[in-house]
Amino acid sequence: MRGLLTVSSPAAAFDPALHWRLHHQVAVRPEPFGALLYHFGTRKLSFLKNRTIVEVVNSLDDHPDVRSACRAAGIDDAQQAPYLHALGVLAQSKMLVTGEA
Amino acid sequence: MTSLAPVPRLVEQFERGLDAPICLTWELTYACNLACVHCLSSSGKRDPRELTTRQCKDIIDELERMQVFYVNIGGGEPTVRPDFWELVDYATAHHVGVKFSTNGVRITPDVAKRLAASDYVDVQISLDGATAEVNDAVRGAGSFRMAIRALENLRDAGFKDAKISVVVTRHNVDQLDEFATLAARYGATLRITRLRPSGRGADVWDELHPTAEQQVQLYDWLVAKGDGVLTGDSFFHLSGLGEPGALAGLNLCGAGRVVCLIDPVGDVYACPFAIHDRFLAGNILSDNGFDNVWKNAPLFRELREPQSAGACSSCAHYDSCRGGCMAAKFFTGLPLDGPDPECVQGYGAPALEQERVKPKSSVDHSRSGPVALKLLTKPPARLCNESPV
């Protein structure tokens with residue numbers, strides 16, 4: 001049925017110490033400014049406004065937690081705040097999921 | 001929206017155009033069972049050169065390669081194409097989401113069940129009055145009932161969040177609350193868009209477009225109650241009425257930059273409201289595919305250059321409305337680098353008073369055209385007697 005494929009777990013607080021990944025219904029389209037994200041389930045569009053955040057988003061699944069994904073993209077802990085904020089917004093809109101979701 | 005500090009404004013990025021549209025409108029057929037007085041595409045009769053199923057699938061393959069996330073399918077009445085459901089299934093199987101606009105004629109209980117089972121298809125039912133009286137005056141006798149039946153079938157099948165799509169006119173602008181109630185009744189989302197003087201709309205725009213007072217009323221309604229109401233970003237000409245950002249959306253003209261239109265014969269136009277030779281970028285069949293037209297058409301390249309504010313350059317509100325809608329200006333015979341005919345600062349009205357020549361439609365599929373092979377001496381007994389469907 002329509003809707004059941006869309007994960008509707010309670011909006012988990014965004015904890016960068018956890019493993020997060022892109023929702024399986026989200027497509028990432030590279031653009032000169034960064035990337036467009038589209039969620040086929042919620043039909044929401046988001047924008048990633050630089051290449052570094054795109055790299056982080058695309059590599060989330062390869063890392064045990066968000067902070068290490070950031071570090072691997074060259075963002076050291078002191079500089080992570082805006083990135084974690086952006087990722088938190090994506091988590092809120094269900095573009096990113098964690099755990100068994 | 002996700003934002004990080006050191007970047008140019010997104011609007012500026014978009015004005016320079018993207019490598020592929022974010023979404024596009026695809027009119028699958030000019031055939032229609034209705035003959036709405038304001039039809040943007042002057043639909044009625046099927047065009048004999050209509051794209052074949054195979055050609056449509058090739059286009060979908062190309063859209064998938066370009067990562068166009070979804071298409072807004074319209075017409076005409078798209079569901080009257082015998083291969084309509086086949087094309088919808090093909091698109092969604094190829095990661096191109098579908099939202100289609102319909103007057104409801106084919107949304108039977110069975111079809112509604114089928115739609116409810118898909119995660120990638122969105123349905124938009126057109127309705128231009130919250131009552132049969134107001135709606136049918138524009139869309140034709142029986143069209144209100146047809147749309148409501150479709151909404152009932154969708155709700156009963158468990159389809160969530162259909163869209164009710166309303167073109168705001170002088171006669172329905174007072175019904176916005178009623179439309180919202182109607183949407184709630186069917187578990188649907190209200191979508192309201194601007195009346196454009198395009199297609200047959202050019203003939204009725206003077207009588208149907210909201211008055212200056214109604215534009216303010218509409219703006220106030222959107223600011224007060226517009227949360228959760230979709231607008232297709234179509235009211236950006238109103239943004240000068242209040243604080244920047246009071247209206248949701250990007251509020252820019254995306255024509256040829258982030259959106260475009262594919263018509264039933266594969267012609268590509270800058271936007272759905274601009275079916276005219278002036279805004280024809282090319283043809284998918286004769287110009288080597290959609291990707292090529294999108295990236296290289298001289299018209300699209302021109303639209304992605306910085307645009308002149310012209311007569312609007314001294315207006316303090318130019319940054320919010322960007323001169324308004326190109327198609328609305330063109331089809332009312334106003335210069336493209338001047339005010340929108342519905343300019344909220346009042347510059348449109350005097351411009352409309354000037355001597356102006358409204359461009360003739362270069363494409364017309366209306367069923368009652370000036371050249372008829374045989375003239376009926378009395379009205380057809382039933383709608384379908386005159387219908388191409």
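Residues numbered from 1 in each chain as written. Chains lettered and ligands numbered in written order. Predicted model: local features only at pLDDT ≥ 70, side-chain atom pairs only at ≥ 80, totals over all residues.

K.L.:
Could you give an account of unusual backbone geometry, with specific residues and numbers?
P.N.:
Backbone geometry follows two general trends: most residues other than glycine have a negative phi, and most peptide bonds adopt the trans configuration. All names here are of chain B. Looking along the chain, the bond that leaves Gly-75 and enters Gly-76 is cis, with omega of 15°. Residue position: Gly-76 is located in the loop between strand E2 (70–74) and helix H3 (84–93). A positive phi angle, close to 60°, is found at His-95, a residue other than glycine. Residue His-95 is classed as partly exposed on the basis of its C-beta count, with 17 C-beta atoms lying within 10 Å. (Helix = DSSP H or I, 4+ residues; strand = E, 2+ residues; numbered from the N terminus. Buried ≥ 20, exposed ≤ 12 C-beta atoms within 10 Å, placed from the backbone.)

K.L.:
Requested: an account of the nonpolar core, with residues and values cited.
P.N.:
Residue and element names in this part refer to chain B. Judged by nonpolar contacts, the single largest core of 136 residues is most densely connected at Val-71, Tyr-269 and Cys-271. A per-element tally of this core places helix H6 (residues 143–156) first, with six residues. Beyond its immediate stretch of four places on either side in the chain, Val-71 contacts Cys-23, Leu-24, Trp-26, Leu-63, Ala-91, Val-96 and Val-98. (Core = buried A, V, L, I, M, F, W, Y, C linked by C-beta atoms within 7 Å. Contact = placed C-beta atoms within 7 Å.)

K.L.:
Provide a residue-level description of the environment of Phe-179 of chain B, including the pertinent values.
P.N.:
Residues and elements named next belong to chain B. Its location among the elements puts Phe-179 in helix H7 (residues 176–185). On the neighbour-count criterion, Phe-179 (22 C-beta atoms within 10 Å) is buried. Placed 14 residues apart in sequence, Phe-179 and Ser-165 show a C-alpha to C-alpha distance of 9.6 Å. When sequence neighbours within four positions are dropped, the list of residues in contact with Phe-179 reads Ala-130, Ile-164, Val-166 and Leu-190.

K.L.:
Report on the sheet that holds strand E3 (residues 34–39) of chain A, specifying residues and quantitative values.
P.N.:
All names here are of chain A. Spatially, three strands are ordered E2-E3-E4 in an open sheet, and the strand pairing comes out antiparallel. Each having just a single partner strand, strand E2 (26–31) and strand E4 (44–48) make up the two edges of the open sheet. Each strand of the sheet is rotated relative to its neighbour by a mean of 20°, with strand direction disregarded. Here E3 pairs with E4 via five bridges, running antiparallel. (Pairing = 2+ DSSP bridges. Axes fitted to C-alpha atoms, helices over the stretch in contact; angles between N-to-C directions.)

K.L.:
Describe in detail the confidence of the model for chain A, supporting the description with residues and values.
P.N.:
With 86% of its residues at a pLDDT of at least 70, chain A reaches an overall mean of 86. The low-confidence segment residues 1–10 of chain A, where pLDDT is below 50, has 19 contacts with residues more than four positions distant or belonging to other chains. (pLDDT = per-residue confidence, 0-100.)

K.L.:
Summarise the environment of Tyr-219 of chain B; cite the residues concerned and give the values.
P.N.:
Residues and elements named next belong to chain B. Checked against the element boundaries, Tyr-219 lands in helix H9 (residues 212–225). The exposure class of Tyr-219 is buried, given the 21 C-beta atoms found within 10 Å. Sequence separation between Tyr-219 and Pro-335 is 116 residues; the distance between their C-alpha atoms is 25 Å. Residue contacts for Tyr-219: discarding those within four places in its chain leaves Leu-238, Leu-241 and Gly-242.

K.L.:
Describe in detail H6 of chain B, supporting the description with residues and values.
P.N.:
Three or four residues apart is the spacing at which side chains of an α-helix point the same way, because the helix has 3.6 residues per turn. All names here are of chain B. Spanning 14 residues, H6 covers 20 Å between terminal C-alpha atoms, matching the ideal 20 Å at 1.5 Å per step. Restricting attention to buried positions, one finds in H6 the residues Ser-143, Phe-144, Met-146, Ala-147, Ala-150, Leu-151, Asn-153 and Leu-154. Taken together, the buried residues of H6 touch helix H4 (109–116), strand E4 (121–126) and helix H5 (132–139). (Expected span 1.5 Å × (residues − 1).)

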